[in-house]
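Topology and contacts: notes
One-letter residues, chain by chain:
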Amino acid sequence: MKRKIVSFHQDEEQHWVARLECGHNQHVRHNPPWTSRPWVVTPEGRQAALGMELDCKKCDEGRPPD
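Residues numbered from 1 in each chain as written. Predicted model: local features only at pLDDT ≥ 70, side-chain atom pairs only at ≥ 80, totals over all residues. Heavy atoms only, no water.

**Observations concerning the overall build of the protein chain**
Stated precisely, the cut-off is as follows: Here a strand is any run of E in DSSP of at least two residues, a helix any run of H or I of at least four, and the numbering for each starts at the N terminus. Here the globule rule is a power law, 2.2 Å times the number of residues to the power 0.38, and the radius of gyration is based on C-alpha atoms. Only protein chains enter the accessibility calculation, which uses a 1.4 Å probe; a residue is then buried when its area is under 20% of its type maximum, exposed when over 50%, and partly exposed in between. Residues count as neighbours in contact if any of their non-hydrogen atoms are within 4.5 Å of one another.
Within the protein chain, the secondary structure is distributed over two helices and four strands. Seen in sequence order, the protein chain has helices and strands lined up from the N terminus as β-β-β-α-β-α. On C-alpha atoms alone, the protein chain measures out to a radius of gyration of 12 Å, which is about the 11 Å that the 2.2 N^0.38 rule sets for 66 residues. By its C-alpha atoms, the protein chain is 30 × 20 × 20 Å across when sized along the principal axes. With 66 residues in all, the protein chain has 29% of them scored as buried. Pairs at least 24 residues apart make up 46% of the contacts formed inside the protein chain by residues separated by at least 6 positions.

**A short note on unusual backbone geometry**
Between Pro-32 and the following residue, Pro-33, the backbone shows a cis peptide bond with an omega angle of 5 degrees. Summarising the element assignment, Pro-33 is placed in the loop between β3 (25-27) and α1 (43-49). Residues other than glycine seldom take positive phi values, yet Gln-14 does so here, at roughly 70 degrees. Note that Gln-14 resides in the loop between β1 (2-10) and β2 (16-20).

**What about the packing of aromatic side chains?**
For the record, the criterion: Working definition: a ring pair exists when centres of Phe, Tyr or Trp rings (six-membered ring for Trp) sit within 6.5 Å. Plane angles under 30 degrees give stacked, over 60 give edge-to-face, the rest tilted. When the NZ atom of lysine or the CZ atom of arginine is within 6 Å of a ring's centre and also within 35 degrees of its normal, the charge is said to sit over that ring.
On inspection of all chains with the given rule, the structure shows one aromatic pair. Lying across the ring of Trp-16, Arg-46 places its NZ or CZ 3.7 Å from the centre.

**Quick notes on the pairing of β1**
Under the convention used in this document: What makes two strands pair is DSSP finding at least two bridges between them.
Pairing between β1 and strand β4 (residues 53-55): three bridges, direction antiparallel. Opposite Lys-4, over in β4, you have Glu-53 as the bridge partner. Pairing geometry for β1 and β2, over five bridges, is antiparallel. When the sheet's bridge partners are listed, Gln-10 is paired in β2 with Trp-16. In textbook terms, the turn of a hairpin is the stretch between consecutive antiparallel strands, and for β1 and β2 this stretch comprises five residues, one of which, Gln-14, has a positive phi near 70 degrees.

Here it is, written out as structure tokens:
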């Protein structure tokens, strides 16, 4: 299910995590060549990504907010 990004924070290992409008969190790592998300490594890139939709597997599974 597509959900919009509303904010970002870092986890205990300093990886970026997106907070989605549904209340779930999702890691948004830039780890080429497997995952290419260069926008996540700069404040400007993260700011521009607010409102972007990501697939939320937790919503698909009917899980409660994080």
